[in-house]
Amino acid sequence: MKSIFNPLMAASVLLLASACAKVERIEVKPAKVALSEAGESVALSAQAVTAEGKPVEKAELAFASTNTKVATVDATGKVTAVKSGSANISVTSGEVSASAPVEVIIPSAILIKGAPFTLTGLDTDVAVEAEVQDDAGRPVKESKMEFAAADASVVQVEGNRLVAKGVGTAKVTATAGKLTQEFEVTVKLPEVDAVAFETVPATLKVGESAPLAVVAKGANGAAIKGVSFTFTTSDEKIATVDAAGHVKAVKAGAVTIKAEGGSKATEAKLTIKKK
């Protein structure tokens, strides 16, 4: 007696076997979910399988989130971010279940530690410590931060260091992705303790001129950069002095040249001789 192969019957047997197969585990892909924006979604792929790893085609799968305030999931396995935090998405078929962890990190703000800053003295600097935080107040690791100064004549940016270049106040902007944060940096000079002439000629002949060098010093004796000086002469008929400190001999005689800076002053005697 010949055996007759019936494809339809074979398919029905396989389908019935698949339908009756026991679900031993659930495979979920991706194994972990990371989301970085509110409303961002990713679709989970879940498959019920037998102990041998064969798919159970008609197994019913149910999805659920352990924290819907952080992430939701619909009946098809679509996971959507709500706010920063952690959650687990469970996939269940009968008594068998699996899960995929979800981490939502939504950058929300830039925290500048120690701002606003005051730098005392030109060329002094400060290293800015800054971090990006998510909307749950947690630090966002490995965030790239860039700084830019609105006025480079006051503050110069070198990586995360701010260098004082001129007296005044300037805004600095920190940028990380779509986030920005402004803060102010003020540059001032140290208090002047004393002013002194470094070079001043003892004598000049009528018609000659010479530059005067003046230095301002702090209480520790160190020179202070950036101090502006005003110069005056006791008798302009004998010698004049301009705003830059250049003195010019006019006629024979003796004068006193005075330099003032940072509320301190110093004087030097100058003798003018005939040609």
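Residues numbered from 1 in each chain as written. Predicted model: local features only at pLDDT ≥ 70, side-chain atom pairs only at ≥ 80, totals over all residues. Heavy atoms only, no water.

### Structural notes on the sheet that holds strand 23 (residues 230–233)
Logical step 1: In space, the four strands of this open sheet follow the order 20-27-26-23, with mixed pairing throughout. Edge positions in the sheet fall to strand 20 (203–205) and strand 23, since each of these pairs with one other strand and no more. If you compare each strand with its neighbour and ignore which way they point, the axes differ by 30 degrees on average.
Logical step 2: As paired elements, strand 26 (residues 253–261) and strand 27 (residues 264–273) share nine bridges and run antiparallel to each other. In the sheet register, K258 faces strand 27, and the bridge partner there is E267. (Pairing = 2+ DSSP bridges. Helix = DSSP H or I, 4+ residues; strand = E, 2+ residues; numbered from the N terminus. Axes fitted to C-alpha atoms, helices over the stretch in contact; angles between N-to-C directions.)

### Observations regarding the layout of surface pockets
Logical step 1: Approximately 200 Å³ is the volume attributed to the largest pocket.
Logical step 2: If you go around the largest pocket, the residues you meet are S36, E37, I106, P107, V132, S143, A176, G177, K178 and L179. (1 Å grid on protein atoms, 1.4 Å probe; cavity = no way out; pocket = protein on both sides within 12 Å on 5 of 7 lines; lining within 4 Å. Points joined across faces, edges and corners; volume = space filled by probe spheres on them.)

### A few points about the packing of aromatic side chains
Logical step 1: Taken as a whole and assessed by the stated rule, the structure comprises two aromatic pairs.
Logical step 2: A centroid spacing of 5.7 Å and a plane angle of 75 degrees characterise the contact between F117 and F183, whose relative ring orientation is edge-to-face. Taken together, the residues F117 in strand 11 (residues 117–120) and F183 in strand 18 (residues 179–188) connect sequence positions 66 residues apart. With respect to burial, F117 and F183 carry one shared label: buried.
Logical step 3: Look at F147 and F183: their rings are 6.4 Å apart centre to centre, the planes differ by 80 degrees, and that puts the pair in the edge-to-face class. Taken together, the residues F147 in strand 14 (residues 146–149) and F183 in strand 18 connect sequence positions 36 residues apart.
Logical step 4: Put simply, the rings of F117, F147 and F183 pair up and form one aromatic cluster. (Phe/Tyr/Trp six-rings, centres within 6.5 Å; stacked < 30°, edge-to-face > 60°. Buried < 20%, exposed > 50% of the residue type's maximum accessible area, 1.4 Å probe, protein only.)

### Section: the pattern of salt bridges
Logical step 1: Taken as a whole and assessed by the stated rule, the structure comprises 10 salt bridges.
Logical step 2: K178 serves as the salt-bridge partner of E37, at 3.6 Å between the closest nitrogen and oxygen. Taken together, the residues E37 in the loop between strand 2 (33–35) and strand 3 (41–43) and K178 in the loop between strand 17 (168–176) and strand 18 connect sequence positions 141 residues apart.
Logical step 3: For E37, a relative accessible area of 43% gives the class partly exposed.
Logical step 4: Of the residues examined, K178 reaches a relative accessible area of 76% and is grouped as exposed.
Logical step 5: Between K171 and E182 there is a salt bridge, with its nearest N and O atoms 3.8 Å apart. Taken together, the residues K171 in strand 17 and E182 in strand 18 connect sequence positions 11 residues apart. (Salt bridge = Lys/Arg side-chain N within 4 Å of Asp/Glu carboxyl O.)

### Considering the side chain of S65
Logical step 1: Positionally, S65 belongs in strand 5 (residues 62–65).
Logical step 2: Classification of S65 as buried rests on a relative accessible area of 18%.
Logical step 3: Here N67 takes part through its backbone nitrogen, which lies 3.2 Å from a polar atom of the side chain of S65.
Logical step 4: Within polar-contact distance, the side chain of S65 engages the backbone oxygen of A71 at 2.6 Å.
Logical step 5: For S65, the residues in contact, after removing those within four places along its chain, are A71, T72, V73, A87, N88 and I89. (Polar contact = N/O pair within 3.5 Å; in protein donor to acceptor, adjacent residues only side chain to side chain. Contact = heavy atoms within 4.5 Å.)

### Some thoughts on the environment of K217
Logical step 1: Topologically, K217 is positioned in strand 22 (residues 213–217).
Logical step 2: Placed 47 residues apart in sequence, K217 and K264 show a C-alpha to C-alpha distance of 9.9 Å.
Logical step 3: Not counting the four nearest positions on each side in its chain, K217 is found in contact with E191, V192, D193, A194, A222, A223 and I224.

### Quick word on the sheet that holds strand 7 (residues 78–81)
Logical step 1: With respect to topology, three strands assemble into an open sheet ordered 3-7-6, the strand pairing being antiparallel. Of all the strands in the sheet, just strand 3 and strand 6 (71–73) have a single pairing partner and so form its edges. Direction aside, the axes of adjacent strands within the sheet are offset by 20 degrees on average.
Logical step 2: Relative to strand 7, strand 6 is paired through three bridges, and the arrangement is antiparallel. Residue pairing in the sheet places T72 in a bridge with T80 of strand 7.

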